[in-house]
Amino acid sequence: MNKKIIFMAGSYGVGKTTICNQLTNSLKIPTYSASDLISKHNKETYGKNKYVKDSDLNQNILVREVSQIEDEIFILSGHFCLKAPDDNIILLEKDIFKQLSLNAIVLIESSSELILQNLYNRDQEIYNIEFINKLLSSEKNQAICVSDSYNIPLYIYEMKYDGEDLAKILSIIDNILRQVK
């Protein structure tokens, strides 16, 4: 089976889970969370701190878990970089994304102020805006690097949280699906 995988990427708090749930309901295409697949395999739960013990090992687990998904078309949500305990950023190895055989990348972005508010509403935690800016920049740079390195189409969407995001992202996904069929 030749899987068609759309990678929905973005920083913590940008709204990937919400938009992916809405896409699944609208398109009847399943969505899988990279962190859920990894944590299920590892039999551990990642809390709001999002720290992982071994990001390289986890990414290899992700490749194995995705290879076992039987759906022909699906959305995989995840990140291109992670938060280290010391507020540094871990860039995930770009080769992992080649191994996943992605058909397209949709990078969801937003302003750091809106992400800070989303993270506070979700986790009741206050993050440093400089860190969020660094995270957003790293996520975008790594998405562009992966896209350019492996010739994977990249679509960047700026979330407005104005009620129109779903329709606009549906349009992007419809375009991708027409190209990969």
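Just so you know, these numbers come straight off a predicted model, no measurement behind them.

Glancing now at the overall build of the chain. Helix and strand counts for the chain come out as 7 helices and 7 strands. In the chain, the order of α-helices and β-strands from amino to carboxyl end is β-α-β-α-α-β-β-β-α-β-α-α-β-α. In terms of principal-axis extent, the alpha carbons of the chain reach across some 45 × 40 × 30 Å. Across the 181 residues in the chain, those meeting the buried criterion constitute 47%. Look at the contacts in the chain between residues 6 or more apart in sequence, and 77% of them connect residues 24 or more apart. Just so you have it, the chain exposes about 9,300 Å², and 47% of that area is on carbon and sulfur atoms. When the 20 basic and 24 acidic side-chain charges of the chain are each reduced to a single mean position, those positions are 4 Å apart.

For helix H7 (residues 165-180), built from 16 residues, the straight-helix expectation of 22 Å at 1.5 Å per residue is met to within 8% by its first-to-last C-alpha distance of 23 Å. Against strand E1 (4-9), helix H1 (16-27), strand E3 (73-78), strand E6 (104-109) and strand E7 (154-158) lie the buried residues of H7.

Mapped onto the secondary structure, Ser171 falls in helix H7. Note on Ser171: relative accessible area 45%, which makes it partly exposed. Expressed as a C-alpha distance, the spacing of Ser171 and Cys145, which sit 26 residues apart in the sequence, is 24 Å.

With that settled, consider the packing of aromatic side chains. For the structure shown, the criterion picks out 4 aromatic pairs. Measuring from ring centre to ring centre gives 5.5 Å for Phe7 and Phe97, while their planes differ by 55 degrees; the resulting arrangement is tilted. Within this pair, whereas Phe7 is found in strand E1, its partner Phe97 is found in helix H4 (residues 94-99), the two being separated by 90 residues in sequence. Taking relative accessible area as the criterion, Phe7 reaches 1% and is therefore assigned buried. Residue Phe97 is classed as buried on the basis of its relative accessible area, which comes to 1%. With a centroid separation of 4.6 Å and 45 degrees between ring planes, the pair formed by Phe80 and Phe97 is classed as tilted. Of this pair, Phe80 sits in the loop between E3 and strand E4 (81-83) while Phe97 sits in helix H4, and the two are 17 residues apart along the sequence. Per residue, the accessibility class of Phe80 equals that of Phe97, and both read buried. Linked through ring pairs, Phe7, Phe80 and Phe97 together constitute an aromatic cluster. The lysine or arginine in question, Lys83, covers the ring of Phe131, its NZ or CZ lying 5.4 Å from the ring centre.

Met8 and Leu76 are the most contacted members of the largest nonpolar core, which has 56 residues in total. Sort the elements by how many residues they give to this core and H7 lands first, with 7 residues. Ignoring sequence-local partners within four residues, the contact set of Leu76 consists of Ile5, Ile6, Phe7, Met8, Tyr32, Ser33, Ala34, Leu37, Leu62, Val66 and Leu100.

Rules used in this analysis
Residues numbered from 1 in each chain as written. Predicted model: local features only at pLDDT ≥ 70, side-chain atom pairs only at ≥ 80, totals over all residues. Heavy atoms only, no water. Helix = DSSP H or I, 4+ residues; strand = E, 2+ residues; numbered from the N terminus. Buried < 20%, exposed > 50% of the residue type's maximum accessible area, 1.4 Å probe, protein only. Contact = heavy atoms within 4.5 Å. Areas by Shrake-Rupley, 256 points an atom, 1.4 Å probe, with all protein chains shown as cover. Lys, Arg positive; Asp, Glu negative; His and termini not counted. Charge placed at Lys NZ, Arg CZ, Asp CG, Glu CD. Expected span 1.5 Å × (residues − 1). Phe/Tyr/Trp six-rings, centres within 6.5 Å; stacked < 30°, edge-to-face > 60°. Lys NZ or Arg CZ within 6 Å of the ring centre and 35° of its normal. Core = buried A, V, L, I, M, F, W, Y, C linked by side-chain atoms within 4.5 Å.

Spatial relationships are all this shows, so hold off on functional conclusions.
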